[in-house]
Amino acid sequence: MSASVVRLCLTVALLVPSVSATAQVPQVPEVPLEGTSDVTPVLDGPPAPVPPATINRDEEGDATVRAIRLLAPLVVDGRLDEDVYTSNPPFGDLIQVVPDTGKPASERTDVWLMFDDRNVYVGARVFDSAPPERWVANEYRRDSGPLRQNDHVGVGFDTFYDRRSGFMFYASPLGAFSDYSIIDEGQPNGDWNPVWNVRTGRFDGGWTMEMIIPFKSLRFKGGRNQTWGFQVRRSIRRRNEWAFLTPVPASMAGPNGLNRVSLYGSLTGIDVPEARRNLEIKPYAFGRSATDRLRTPPLSNDLDAQVGLDVKYGITNNLVADFTYNTDFAQVEVDEQQVNLTRFSLFFPEKRDFFLEGRGIFDFGRGGASGIGIGGGGSFNAPSPTPFLFYSRRIGLNRGRVVPIEAGARMTGKVGKFGVGLLNIQADDEALSATPSTNFSVVRVKRDILKKSTIGAMYTGRNRSNVADGGNAVFGVDAAFGFYENLTVGGYWARSKTAGLEGDDDSYQGRFDYFADRYGAKVEYLKVGDNFNPELGFLQRDDFTRSFASLRFSPRPKNLKGVRKLTYQGDVEYFENGAGIPETRVQVGRVAVELENSDVFQVEATRDYEFLARPFAVVSGVNIPAGSYLFSDVLVSYALGAQRKVAGTLSTQIGDFWNGTLRTLSYTAARVSLMKQFSVEPTVQYTKVDLPQGGFTTTLLRTRADYAFSPRMFMSALVQYNSTDRNFSTNVRYRWEYKLGSELFVVYTDERDTRGRGYPTLKNRAFVVKVTRFFRV
């Protein structure tokens, strides 16, 4: 690396101020920056007995607890040695969801909920009869997926008390912590990252926890003596036990139970600040050295330094506007490579922070809770063919290239019973991908009706279409109705407007989903027109109607030792194209055995009919001819429980593939915990296909290694190889939240072509140092 690059990176790094031993954020009391590990406080002996908890339960077990008003800020150190813990009785008496549904939790948990003028506090004394070495605590990073499978205590707040949406926080004995939000009991948004903190400690017989959550990090209606929805979740993973303050159905066993906001208990007596014009400012600066051999002319160690700005303004306590200028996503982890042996486009998840926050409001046609089954409909295990009207990766990315974003604005929140989402982004042009400067707009409105149902409308548009002169627009309406605890009915209708694509330009769907613990049933009907063109969305396939039905039987046998649950499921899926010709017909039968230790053994048999109107290239140089094909396969898998030090899913698939055969062997969703700070996540997928047109093999190798210095500081490396496009890539990231909300990133990325002999040829490379600074006014 040249000396000029080093000087540039050091200059950017000097923007980081000196860091004291504590983190300080305006309006938030000073609290330690990180969770505890080797410095975990140890309390002398078990705590003294306490009087009965301040909690009331109705006949169904729903809990109502009382918040404690503090006259002075709590010192958050994980010790639980303040007077409030002895002068106020805790609540607890958590109830098992599994394994013994409805019985008291096997271990005691004492909880206190407190508040002052600026913050909400949660304190917990978590008893555990096992020695610490038997606790499942092997993840140290903030917001990591494996943390859900550690021992932990979490809380959920329904701040609007609408029984629909909430904010969730949880922490483990190590002090690792995570947070997420949920809207209308839909998909959780794990990339919501508010400013808050937690400290943990230990005593002889368990561990302790203290959380501090600023009111400014939540959304709510101001006023005194409020009632919020409230839930507590505890995981004891060595027993595969999940317990809650207010019971949830056994079908929601596991971390998903905290997402059922409609089943929360009640938190009373909390005084919430009146609406304030909260202002958060987050400037950033970065330095970059970039090499790009694909450009014309190529770049070699090209130096660049830029500044940008993100601003968040609280219009009200429940309506927030976001502004971004010269947006940069250099710190985002690269996509995980995939092997595609279908004739449909691959779906990649969004990873950029600006588009992830508040994304639930922009979901269309997917509202409401849904069943938790095994497998999923769609030929070749493809994702659901239901279109996305808004797919944020259409902004700032095109044909594998990053398109600069000049500026953007977003407003999300609630106005009475209406959920509102507005988005406008201006993107610059990008020469290599031939992307012109484009403006993108999204408008989303949802109305709460009945107890837990919604109706809504959505508009998406871009001023430059990819396929015609002029722009592209899509508008639609949707509805989701929730009945009882486990029944949803919904649907949508949408139409696109593109020059030259008139007629058959709509899409609609109706769906029914019953997802009780023992039985499940799902029916869907979907139509996508030949000219339906959501250019700001994602469309897997077009010009079809789809019928889908699924039945499930999931008993929990009491006389099979070691077995927690059996699942028998059958799916039928049928596609016709616009001409009424059957195009796809898939029949799937699955049997799964969930063990008490959370391992799952599954066998899946698939019978598939496919009609090809034209040939398609399954890989380069191997074409499947037009015609009709009938083929079958069997998939066998064994998933090791995610709480294990060595976890993952081993699977093999054997059977027909079009007019040939297919054999696969894979190890996926894997994680090996070498120590509490260090883990490795390997993935291996090997596929061998024999066809009359030619045989081939594909290999996908991926390893992610993570080392956490603390919950707020970690280093991660992602190394991948995909034989399909002969691509080898490396992505190394260092992240340090040096003050609450302020971060330092150091990122190295390169991509290489392995087609030639010798060391892989460089395609592109970048080294970036980025600093952000958080201010709250």
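Residues numbered from 1 in each chain as written. Predicted model: local features only at pLDDT ≥ 70, side-chain atom pairs only at ≥ 80, totals over all residues. Heavy atoms only, no water.

Help me understand the confidence of the model for the protein chain, please; the structure alone is not making it clear to me.
Across the protein chain, the average pLDDT comes to 88, with 91% of residues at or above 70. The model gives residues 1–53 a pLDDT under 50, and that stretch makes 117 contacts with residues more than four places away or in other chains. In the predicted structure, residues 372–382 sits below a pLDDT of 50 and forms 31 contacts with residues beyond four places in sequence or in another chain. (pLDDT = per-residue confidence, 0-100. Contact = heavy atoms within 4.5 Å.)

So what exactly am I meant to see when it comes to the nonpolar core here?
What tends to happen in soluble globular proteins is that the nonpolar side chains get buried as a cluster. If you look at the biggest cluster of nonpolar residues, it comprises 41 residues, and the most contacted ones within it are F157, F169, W228 and F230. Secondary-structure elements contributing two or more residues to this core are β5 (63–66), β8 (109–115), β9 (119–127), β10 (152–158), β11 (166–171), β14 (206–214), β15 (223–236) and β17 (265–272). With near-sequence residues (within four places) excluded, F169 lies in contact with V153, G154, V155, F157, S178, D179, W192, P194, W196, M211, I213 and L218. Among the nonpolar cores identified, the runner-up in size contains 27 residues, and I361, I425, A427 and F532 belong to it. (Core = buried A, V, L, I, M, F, W, Y, C linked by side-chain atoms within 4.5 Å. Buried < 20%, exposed > 50% of the residue type's maximum accessible area, 1.4 Å probe, protein only. Helix = DSSP H or I, 4+ residues; strand = E, 2+ residues; numbered from the N terminus.)

Looking at this structure, I do not really get the environment of F774. What am I missing?
Tracing the backbone shows F774 in the loop between β45 (761–772) and β46 (775–776). The exposure class of F774 is buried, given its relative accessible area of 10%. Sequence spacing of F774 and L740 is 34 residues, and the spatial spacing of their C-alpha atoms is 7.6 Å.

Help me out: how do you make sense of the packing of aromatic side chains in this one?
Inspection of the entire model under this criterion finds 36 aromatic pairs. Taking the centre distance of 6.1 Å and the plane angle of 10° together, the rings of Y284 and F286 count as stacked. Relative accessible area serves as the criterion here: at 6%, Y284 is assigned to the buried category. A residue is classified by how much of its surface remains accessible, and F286, at 3% relative accessible area, is buried. Taken together, the ring pairs connect F91, F157, F167, F169, F177, W192, W196, F215, F220, W228 and F230 into an aromatic cluster. The positively charged end of R366 is found above the aromatic ring belonging to F388, 3.6 Å away from the centroid. Here K770 stacks its cationic end above the ring of Y284, 4.5 Å away from the centre of that ring. (Phe/Tyr/Trp six-rings, centres within 6.5 Å; stacked < 30°, edge-to-face > 60°. Lys NZ or Arg CZ within 6 Å of the ring centre and 35° of its normal.)

Honestly, a nonpolar patch on the surface in this entry has me stumped. Any pointers?
A cluster of nonpolar side chains, namely L450, F483, Y484, V489, F512, Y514, Y519 and V523, defines an oily patch on the protein surface of about 810 Å² accessible area. Those elements that provide at least two residues to the nonpolar patch are β29 (506–515) and β30 (519–528). Looking at the secondary structure, you find L450 in the loop between β25 (438–449) and β26 (453–462). (Patch = residues over 30% accessible without salt bridge, like charges linked within 9 Å, V, L, I, M, F, W, Y side chains within 5 Å. Areas by Shrake-Rupley, 256 points an atom, 1.4 Å probe, with all protein chains shown as cover. Salt bridge = Lys/Arg side-chain N within 4 Å of Asp/Glu carboxyl O.)

What is the right way to look at the side chain of T435 in this model?
Secondary-structure assignment places T435 in the loop between β24 (418–427) and β25. For T435, the side chain forms a polar contact with the side chain of S433, separated by 2.7 Å. Discounting chain neighbours no more than four positions away, the residues touching T435 are N398, V403, D429 and E430. (Polar contact = N/O pair within 3.5 Å; in protein donor to acceptor, adjacent residues only side chain to side chain.)

What is the right way to look at the pairing of β14 in this model?
The side chains of a regular strand alternate, first on one face of the sheet and then on the other. Counted residue by residue, β14 has nine buried out of nine residues, so it is predominantly covered. Every second residue of β14 is oriented toward a common face, with G206, T208, E210, I212 and P214 on one face and W207, M209, M211 and I213 on the other, all of them buried. Two elements, β9 and β14, share nine bridges in a ladder whose sense is antiparallel. Along β14, the bridge assignment pairs V126 with W207. Both strand β13 (residues 197–203) and β14 contribute to a ladder of seven bridges, which runs antiparallel. Residue pairing in the sheet places G201 in a bridge with T208 of β14. The hairpin turn running from β13 into β14, its antiparallel successor, is two residues long, and G205 in that turn takes a positive phi close to 130°. (Pairing = 2+ DSSP bridges.)

Could you clarify how one ought to interpret the pairing of strand β31 (residues 544–553) in this entry?
Burial along β31 is one-sided: the residues F544, R546, F548, S550 and R552 are buried and none of T545, S547, A549, L551 and F553 is. Direction of pairing for β30 relative to β31: antiparallel, over a ladder of 10 bridges. Each residue of the ladder has a partner; that of V523, found in β31, is A549. Examined bridge by bridge, β31 and strand β32 (residues 563–577) share 10 bridges and lie antiparallel to one another. Within β32, the residue paired with A549 across the bridge is V572.

What am I meant to see in the side chain of D328 here?
By the element assignment, D328 lies in the loop between β20 (319–327) and α3 (353–356). A polar atom in the side chain of D328 sits 3.2 Å from the side chain of R288. Once you skip the residues sitting within four places of it in the chain, D328 turns out to touch Y284, F286, R288 and K770.

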